[in-house]
Amino acid sequence: LASLEDMPMMLRRANTVDPAKPRKPRSTEGREEAKAAAVMTMEEWKKKQEGMDKKWPAPAYMSNPHEGGHTCYRDETYEITTRWMAETK
């Protein structure tokens, strides 16, 4: 192939950089302020977690054994999050 344009679109890599298009430099504006605001001690974290299990209880089906890992979506979760109803807009 003579150039990138000769390659079929499906074969091009998503992260291929076009040499004709300059990359926009990343901004670091506000980085230090955000980093300072995002710091939380373990004690603060534990205090924020108090009462959350009552406020956001796990659904009953979560206590049933599951073949996938603990981070896998279950069929029941998928059913709930994708349910369309007559009132859905």
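In this text the structure is predicted, and so the values were computed from the model without any measurement.

### Here's the deal with the overall build of the chain
Then comes step 1: When helices and strands are tallied, the chain shows 4 helices and 0 strands.
Then comes step 2: Counting from the amino terminus, the chain carries its helices and strands in the arrangement α-α-α-α.
Then comes step 3: Summed over its atoms, the accessible surface of the chain is roughly 9,600 Å², and 57% of this surface lies on carbon and sulfur atoms.

### Observations concerning a nonpolar patch on the surface
Then comes step 1: Residues M40, M42 and W45 make up a contiguous nonpolar surface patch of about 330 Å² in total accessible area.
Then comes step 2: As for its position among the elements, M40 is in the loop between helix 1 (31–37) and helix 2 (42–49).
Then comes step 3: For M40, a relative accessible area of 39% gives the class partly exposed.

### Observations regarding the side chain of R74
Then comes step 1: Here R74 shows up in the loop between helix 3 (52–55) and helix 4 (75–81).
Then comes step 2: Despite its burial, R74 pairs with no opposite charge, the nearest such side chain being E76 at 5.6 Å.
Then comes step 3: If we skip the residues at most four places from it in the chain, R74 touches Y61, M62, N64, P65 and H66.

### What about the pattern of salt bridges?
Then comes step 1: Tallied over the full model, the rule gives 1 salt bridge.
Then comes step 2: Here R31 and E32 are joined by a salt bridge, their closest N and O atoms 2.9 Å apart.

Cut-offs and rules
Numbering of residues begins from 1 in every chain and follows the order in which that chain's sequence is written. Residue-level local features of this predicted model are given only where pLDDT is at least 70; pairs of side-chain atoms are given and counted only at 80 or more, and the full residue set underlies all totals for whole chains, interfaces and linings. Side-chain numbers here rest on the full set of heavy atoms in the structure, without hydrogens or water. By definition, any uninterrupted DSSP run of H or I lasting at least four residues is a helix, any uninterrupted run of E lasting at least two residues is a strand, and each is numbered from the N terminus. Surface accessibility in these figures is a Shrake-Rupley result with a 1.4 Å probe; residues are shielded only by whichever protein chains are displayed. Here, patches come from residues exposed beyond 30% relative accessible area and free of salt bridges, joined within 9 Å for like charges and within 5 Å for nonpolar side chains (Val, Leu, Ile, Met, Phe, Trp, Tyr). We count a salt bridge whenever a side-chain nitrogen from Lys or Arg sits within 4 Å of a carboxyl oxygen from Asp or Glu. Buried residues are those whose accessible area, probed at 1.4 Å on protein chains only, stays under 20% of the maximum for their type, while exposed residues exceed 50% and partly exposed ones sit between those limits. The charged-residue count follows a simple rule in which Lys and Arg add positive charge and Asp and Glu add negative charge, with His and chain termini not counted at all. By definition in these notes, contact holds between two residues if any of their heavy atoms fall within 4.5 Å.

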